[in-house]
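An overview of the molecular structure
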Amino acid sequence: MADRLVGVVLAAGAGTRFGGPKALARDDAGAWLPRACTLLADAGCEPVVAVLGAGADEAKHLLPKGAHGVIADAWHEGIGSSLRAGIEIARAAHADAVLVTLVDLPDLAPEAVARVAERWTGDPRVLARAVDGGTPGHPVLVGSAHLGPLLATVGGERGAAHYLAGHHAEEVDCTGLGAASDADSR
């Protein structure tokens, strides 16, 4: 059986600074949620899971074919709670590695996703993240050896940044590819 790379799109937040749920956001190029899901699928993720919360009923209709939506019960507590839900789903799907991105990176280029996904060679200890001009960004690649320990540290507003830094995640240069340009306003 081939190694299983599961894609997770974090798209649960209410987007209070943004003016509404980012899972429902769109720009001239289209809706952000299906774009993020497609980026992960095109990089070899199977399945792709979108972690939803605010606006979930509407967002489910935006998912492209092959992507699955799950609702993070504690999404309102912060990104760490959404990340926890995504990792739990990936573990239940017997992921060998997880590639995580955010829905609010509308300028994320396929090249950035491919560069990080290429770090997946079957090693369960892999830990890598996109970096744009020295600024940590997404996607983030987490091998199965890190999933349990990472789960023990995330929740509420606490995401994975501390874990990635503490475990010396490989920095993958994605300068100019939208890896750290999250949209907080319209």
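Residues numbered from 1 in each chain as written. Predicted model: local features only at pLDDT ≥ 70, side-chain atom pairs only at ≥ 80, totals over all residues. Heavy atoms only, no water.

**Some thoughts on the overall build of the chain**
Along the backbone of the chain there are six helices and nine strands. Projected onto the principal axes, the alpha-carbon positions of the chain cover approximately 40 × 35 × 30 Å. The buried share of the chain, taken over its 186 residues, is 52%. Summarising the internal contacts of the chain: among those between residues at least 6 apart in sequence, 71% fall at separations of at least 24. For the chain, the distance from the average position of its 15 positive side-chain charges to the average position of its 23 negative side-chain charges is 3 Å. (Helix = DSSP H or I, 4+ residues; strand = E, 2+ residues; numbered from the N terminus. Buried < 20%, exposed > 50% of the residue type's maximum accessible area, 1.4 Å probe, protein only. Contact = heavy atoms within 4.5 Å. Lys, Arg positive; Asp, Glu negative; His and termini not counted. Charge placed at Lys NZ, Arg CZ, Asp CG, Glu CD.)

**Points about the packing of aromatic side chains**
Scanning the entire structure with this criterion turns up one aromatic pair. Aromatic side chains F18 and W32 sit 5.4 Å apart centroid to centroid with 50° between the ring planes, which places their arrangement in the tilted category. Highlighted residues: F18 in the loop between β1 (5-11) and β2 (26-27) and W32 in helix α1 (residues 32-42), separated in sequence by 14 residues. Taking relative accessible area as the criterion, F18 reaches 6% and is therefore assigned buried. (Phe/Tyr/Trp six-rings, centres within 6.5 Å; stacked < 30°, edge-to-face > 60°.)

**Quick word on the pattern of salt bridges**
Going through the model one piece at a time under the given rule, you end up with five salt bridges. Across the salt bridge formed by R35 and D27, the nearest N and O atoms sit 2.6 Å from each other. Since its relative accessible area comes to 30%, D27 is described here as partly exposed. Of the charged contacts, one joins E170 and R119 as a salt bridge, the two residues approaching to 2.7 Å between their closest N and O atoms. Residue E170 is found in strand β9 (residues 170-173), and its partner R119 is found in the loop between α4 (110-117) and β7 (127-132); the two are separated by 51 residues along the sequence. (Salt bridge = Lys/Arg side-chain N within 4 Å of Asp/Glu carboxyl O.)

**Concerning the pairing of strand β8 (residues 135-143)**
For β8, a buried count of seven out of nine residues is recorded, marking the element as mostly surrounded by other parts of the structure. Pairing geometry for strand β6 (residues 97-102) and β8, over four bridges, is antiparallel. Paired with L99 across the two strands is L141, which belongs to β8. Sheet topology note: the β7/β8 ladder contains five bridges and is antiparallel. The partner of R129 across the bridge, within β8, is V140. In this structure, the hairpin formed by β7 and β8 is closed by a connection of two residues, where G133 is found at a positive phi of approximately 60°. (Pairing = 2+ DSSP bridges.)

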